[in-house]
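# Structural characterization, general
Given next are the chains, with one letter for each unit.
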Amino acid sequence: MQDGLNGFPHWMLKEIFEQPDALDRTLSAYNESALAPVRQWLEGVQEIVIAASGSSRHAGLVAELILEDRAGIHVDVEYASEYVYRSEARLKQAAVIVVSQSGETADTLAALRKAKEMGQKTLAITNVATSSMAREADVALTTQAGVEKAIPATKSFTTQLLLLASLADQAAKQRNLPVLGVDTVVPGLIAQMRVWLPRWQQVVAVAAGRLQAAETFLFLGRGVHYAIAREGALKLKESSYIHAEGYPSGELKHGPNALVGSKTPLVMIATVDRNDAESVQRYEKVLQLMQDMRTQGAPIFAVANEGDAQVAGLADAIVEVPAAPEHLLPILEVVPLQLFAYFMAIGRGIDVDKPRNLVKSVVVE
């Protein structure tokens, strides 16, 4: 066994279990004082473009909804590789956030440099304080995830979600709008994650074993959960070489439903914030879709709230997460999906830490 694994069989699993510590460090590093440069950067900002790739782009998709819903700032999320081809006239008024684990991702770095050439405000979120993006952006926030040795992003992703939520809180405060309360709510979520991780490991290992023979999956979610569905699908693809796609739940019947059947399992994110009327409405739509998909014979693996008997009655397998505010649920619900990708991969004898054809930092387009 490799040194440093501390009893874990793979770096990916170890890094999944390191997420509570990574989140705790990141939260501690960015108190109100440390976020002062962010508040200054946000002054006068009415429009933001987030440029990122891979998992970092999925974090950006979550941030898009939080910033729009909580702070009223219009946000576009761009593939960094496409950003450099956008019309300059369209981009001149927008501030730009780049998100990258390494801070050296070639297409994202190119997007940052284009934004700076055009005189736009820039902010970088990376996991490396000495990276090119951190040095070149007007403001830099560093996730405190620590070194991530497995190629699939896990703790770097959840710490990105945390920093982006913190940024949204700062924007909401400036506009005298209700905040998520990241600094007060997230400590409790971190404590719950520590308790739930061993339970998730056991439950997800069983679910993965039951679905091991599947060759294609559809991941479904609504609102911020759509971004997590995409992230779950990406994790499965890169870790286990199984085809998977992430869709908004409401889009399933607009074409992808032709694929649904006994050989196409659905991974459905069916969490809910009972204190949020819009979240409840989305949840009810997901329940209806689950009922419809059962009639089509699709195996359903659901991510749901603790004790949700309705989802449990409709799903073939279920992994529960504790209650949380709607916009912070992604930090919890993505972890079982990371574990699902992990167990599907090792069930197929794949080196999950070093998937074929992939590198940790894409420094050449």
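Structure first, text after, so check above.
Quick summary incoming for the structure in this document. Predicted model only: the values in this text are computed from it and were never measured.

What counts as what
- The residue numbers shown here count from 1 along each chain, following its written sequence.
- The model is predicted, so local features are restricted to residues of pLDDT at least 70 and side-chain atom pairs to those at 80 or more, both for listing and for counting; the totals for chains, interfaces and linings are taken over all residues.
- Values reported for side chains reflect all heavy atoms of the structure, with hydrogen atoms and water molecules removed beforehand.
- The way it works is that DSSP assigns letters per residue, a run of H or I at least four long becomes a helix, a run of E at least two long becomes a strand, and they are numbered from the N terminus.
- The contact criterion used is simple: two residues touch if any of their non-hydrogen atoms lie within 4.5 Å.
- Residue burial is assigned from relative accessible area. The probe radius is 1.4 Å, only protein chains are included, and a residue is buried under 20% of its type maximum, exposed over 50%, and partly exposed in between.
- Here, a strand pair is defined by DSSP locating no fewer than two bridges between the strands.
- Note on geometry: axes are C-alpha line fits, over the in-contact stretch for helices, and angles between N-to-C directions span 0 to 180 degrees.
- Aromatic rings from Phe, Tyr and Trp, taking only the six-membered ring of Trp, are treated as a pair when their centres fall within 6.5 Å; an angle between ring planes under 30 degrees marks them as stacked, one over 60 as edge-to-face, and anything in between as tilted.
- Two thresholds decide whether a charge sits over a ring: the Lys NZ or Arg CZ must be within 6 Å of the ring centre and within 35 degrees of the ring normal.
- Salt bridge, as used here, is a side-chain nitrogen of Lys or Arg placed within 4 Å of a carboxyl oxygen of Asp or Glu.

With respect to the secondary-structure elements, Thr158 resides in helix 9 (residues 155-174). Not counting residues within four places of it along the chain, the set of residues in contact with Thr158 comprises Gln19, Leu23, Ile331, Val334 and Gln338.

Glancing now at unusual backbone geometry. One can expect most non-glycine residues to show negative phi and most peptide bonds to be in trans. Located in the positive-phi region is Asn6, a residue other than glycine, with phi close to 50°. Mapping Asn6 onto the fold places it in the segment before helix 1 (11-17). The class for Asn6 is exposed, based on a relative accessible area of 65%. Positive phi outside glycine occurs at Tyr241, with the angle close to 65°. Of note, Tyr241 is situated in the loop between helix 11 (224-240) and strand 7 (243-248). Note on Tyr241: relative accessible area 29%, which makes it partly exposed.

Let us now look at the sheet that holds strand 6 (residues 216-221). To summarise the sheet geometry, strands pair through backbone hydrogen bonds and adopt either a parallel or an antiparallel arrangement. Across the sheet, 5 strands lie side by side as 7-6-8-9-10; this open sheet has parallel pairing. Edge positions in the open sheet fall to strand 7 and strand 10 (317-321), since each of these has one partner strand only. The sheet shows a mean angle of 15° between the axes of neighbouring strands, taken without regard to direction. Pairing of strand 8 (residues 266-270) with strand 9 (residues 300-305) involves 5 bridges; the strand directions are parallel. Directly across from Val267, in strand 9, lies its bridge partner Phe301. Sheet strands in contact with helix 11 are strand 6, strand 7 and strand 8, and its direction is about 175° off that of strand 7.

Moving on to the packing of aromatic side chains. Scanning the entire structure with this criterion turns up 6 aromatic pairs. With a centroid separation of 6.1 Å and an interplanar angle of 45°, the aromatic rings of Trp196 and Trp200 are classed as tilted. A residue pair is termed a helical-turn pair when its members lie 3 or 4 positions apart in one helix, as Trp196 and Trp200 do in helix 10 (residues 182-210) at 4 residues. Of the two residues, Trp196 and Trp200, both sit in the buried class. What links up through ring pairs into an aromatic cluster is the set Phe217, Phe219, Phe301 and Phe340. Seen from the ring of Tyr79, Arg57 lies directly overhead, with NZ or CZ sitting 3.6 Å from the centre. Here the guanidinium or amino end of Arg199 rests over the ring plane of Trp196, the centre of that ring lying 4.1 Å away.

Turning next to the pattern of salt bridges. Here the structure, examined in full by the defined rule, presents 13 salt bridges. Taking the shortest distance from any N to any O, the salt bridge between Arg348 and Glu215 comes out at 3.4 Å. One end of the pair, Arg348, is in the segment after helix 14 (329-346); the other, Glu215, is in the loop between helix 10 and strand 6, and 133 residues separate them in sequence. Among the salt bridges present, the one from Glu238 reaches Lys235, with a minimum N-O distance of 2.8 Å. One end of the pair is Glu238 and the other is Lys235, both in helix 11 and 3 residues apart, which spans about a single turn. You can call Glu238 buried: its relative accessible area is 15%. Judged by relative accessible area, Lys235 falls into the buried class, the value being 1%.

By themselves these figures say nothing about function.
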